[in-house]
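Each chain, letter by letter, is given below.
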Amino acid sequence: MIKKIALIVVIFQLSACAELQQVVNQLPNGIITNDQIGSGLKEALNNGITNQVSKLAVEDGFYKNELTKILLPEELQKVDNALRKVGLSSLADEGLKVLNRAAEDAVGEAIPIFVDAIKGMSFTDAKNILMGDKNAATVYLQNSTSAALYQKFNPIIANSFQKVGADKVWTDLITRYNNIPFVNKVNPDLTDYVTQQSLKGVFTMVEVEELDIRTKVASRSSDLLKRVFALQDK
């Protein structure tokens, strides 16, 4: 069986679709078609969205998730540290929270963009993903959706900052920091930063689900997923 699967891997990578079909027809579980392979990959990506990305679109979805929590940009870490040293920890915490709230507001817009990208996946895309690196599906979504996601997220995050008073919070925070003696003054524009960090968080969670499905048979929640991902098992 191991030799048969290894042979399938090689042929999957090097052969045309017709040759691939001749091989997969010999699998012990019966015929698996090109359409089923594509459907299995689409199901896996949809699972990543349903099981992981949607969790980010609720209150504290980013803020209480250590994999995605948005911290201050590196150049502003000194702001956080300085405020805590002078007894302003609650203000620093509030500054972090509003960054994450903005991301939580925006991430709901990712789902329809992901769905469109998944619908547009070709069999060649599916084949390359299935037999590619352990994060190949995540990379496919990054390449297919990042530009559209940025365009959706950025104005929502800017609006969220205004809606929850983040502009006031950050003005207050930075003003107080700048009033600390002998510090270098800072004046950050955080909208782009939070947009980029939001995208990073989204793809982090997609990758978590992808790795789960690739490495844990128990995470393949349907017969189709079990049959399709058996092709990439070593």
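All values reported here derive from a predicted model rather than from experimental measurement.

What follows covers helix 6 (residues 110-119). Listing the buried residues of helix 6 in full gives Ala110, Ile113, Phe114, Ala117 and Ile118. An end-on view of helix 6 places all buried positions within 135 degrees of arc, on one side of the element. In helix 6, the exposed residues that point more than 90 degrees away from the buried face are Asp116 and Lys119. In this structure, the buried side of helix 6 is in contact with helix 3 (34-56), helix 5 (89-107), helix 8 (136-163) and helix 10 (191-215).

Right, let's talk about the packing of aromatic side chains for a bit. The geometry of an aromatic ring pair is captured by two quantities: the separation of the ring centres and the angle between the planes. Overall, the coordinates contain one aromatic pair when judged by the stated rule. Centroid distance Phe114 to Phe203: 5.9 Å. Interplanar angle 70 degrees. Geometry classified as edge-to-face. In this pair, Phe114 sits in helix 6 while Phe203 sits in helix 10, placing the two residues 89 residues apart along the sequence. Since its relative accessible area comes to 0%, Phe114 is described here as buried. With relative accessibility at 5%, the residue Phe203 sits in the buried group.

Turning next to helix 8. Of all the bends in helix 8, the greatest, near 55 degrees, is centred on Thr145. Looking at helix 8, one finds that the buried residues are Ala136, Ala137, Thr138, Tyr140, Leu141, Thr145, Leu149, Phe153, Ile157, Ser160 and Phe161. At the C-terminal side of helix 8, Gly165 shows a positive phi close to 80 degrees.

Summed over all chains, the structure comprises eight salt bridges. In this structure, Arg101 and Asp60 form a salt bridge, with 2.9 Å as the shortest nitrogen-oxygen distance. Here the residue Arg101 occupies a position in helix 5, and Asp60 occupies one in the loop between helix 3 and helix 4 (77-85), the gap between them amounting to 41 residues. Among the residues examined, Arg101 registers a relative accessible area of 16% and is labelled buried. Residues joined in a network through salt bridges with shared partners are Glu59, Asp60, Lys64, Arg101 and Glu104.

Mapped onto the fold, Ala230 is located in the segment after helix 11 (223-229). Between the C-alpha atoms of Ala230 and Arg214, which are 16 residues apart in sequence, the distance is 9.0 Å.

This part covers the nonpolar core. One broad trend across soluble globular proteins is that nonpolar side chains are buried collectively. By size, the foremost hydrophobic cluster in this structure holds 66 residues, and its most contacted members are Phe114, Leu141, Phe153, Trp170 and Val194. Ranked by the residues each element gives to this core, the list is headed by helix 5, at nine residues.

Okay, the side chain of Asn65 next. The topology assignment puts Asn65 in the loop between helix 3 and helix 4. Note on Asn65: relative accessible area 18%, which makes it buried. For Asn65, the contacting residues outside a window of four places in its chain are Leu56, Asp60 and Met205.

Our next topic: the packing of helix 3 against helix 10. Packing of helix 3 against helix 10 leaves a shortest axis separation of 8 Å and a crossing angle of 135 degrees. Between helix 3 and helix 10, the angle falls in the class oblique. Crossing handedness for the pair helix 3 and helix 10: right-handed. Of helix 10, the residues touching helix 3 (which contributes Ala44, Asn47, Gly48, Asn51, Gln52, Val53 and Leu56) are Gly201, Val202, Met205, Val206, Val208, Glu209 and Ile213. Residues of the contact of helix 3 with helix 10, tallied by class, amount to eight nonpolar, five polar and one charged.

Low pLDDT means the predicted coordinates in that region are not meant to be read closely. Predicted confidence across the chain gives a mean pLDDT of 81, with 84% of residues reaching 70 or more. Helix 1 (residues 2-14) is the least confidently modelled element of the chain, averaging 35 in pLDDT, while helix 8 averages 93, the highest of any element.

The next subject is the packing of helix 8 against helix 10. What describes two packed helices is the angle between their axes and the distance between those same axes. Between helix 8 and helix 10, the shortest axis-to-axis distance is 8 Å and the interhelical angle comes to 145 degrees. When the axes of helix 8 and helix 10 are compared, the crossing they make is right-handed.

Conventions and cut-offs
Along each chain, residue indices are assigned from 1 in the same order as the chain's sequence is written. Local features in this predicted model are restricted to residues of pLDDT 70 or higher, and side-chain atom pairs are both shown and tallied only at a pLDDT of 80 or more, whereas totals for entire chains, interfaces and linings draw on every residue. Computation of side-chain values: all heavy atoms of the structure, hydrogens and water removed. Residue burial is assigned from relative accessible area. The probe radius is 1.4 Å, only protein chains are included, and a residue is buried under 20% of its type maximum, exposed over 50%, and partly exposed in between. In this description a helix means any DSSP run of H or I spanning at least four residues, a strand means any run of E spanning at least two, and both kinds are numbered starting from the N terminus. What the arc covers is the set of directions going from the helix axis to the C-beta atoms. In this analysis, two residues are considered to be in contact whenever any of their non-hydrogen atoms come within 4.5 Å of each other. Only Phe, Tyr and Trp rings take part, Trp by its six-membered ring, and two of them pair if their centres are within 6.5 Å. Stacked means planes under 30 degrees apart, edge-to-face means over 60, and tilted covers everything else. Here the bend at each residue means the angle between axes fitted to two seven-residue stretches, the one ending at that residue and the one beginning there. Any Lys or Arg side-chain nitrogen located within 4 Å of an Asp or Glu carboxyl oxygen qualifies as a salt bridge. The term nonpolar core refers to a set of buried residues drawn from Ala, Val, Leu, Ile, Met, Phe, Trp, Tyr and Cys, joined through side-chain atoms within 4.5 Å. Lines fitted to C-alpha atoms define the axes, with helix axes restricted to the stretch in contact, and inter-axis angles between N-to-C directions lie between 0 and 180 degrees. Orientation categories follow fixed angle ranges, with anything under 35 degrees roughly parallel, anything over 145 roughly antiparallel, 65 to 115 roughly perpendicular, and all other angles oblique. Should the near helix be turned anticlockwise from the far one by less than a right angle, the crossing is left-handed, and should it be turned clockwise, the crossing is right-handed. Under the scheme applied here, ten amino acids are nonpolar (Ala, Val, Leu, Ile, Met, Phe, Trp, Tyr, Cys and Pro), four are charged (Asp, Glu, Lys and Arg), and all others, including Gly, are polar. Note on scores: pLDDT gives the predictor's confidence for each residue, bounded by 0 and 100.

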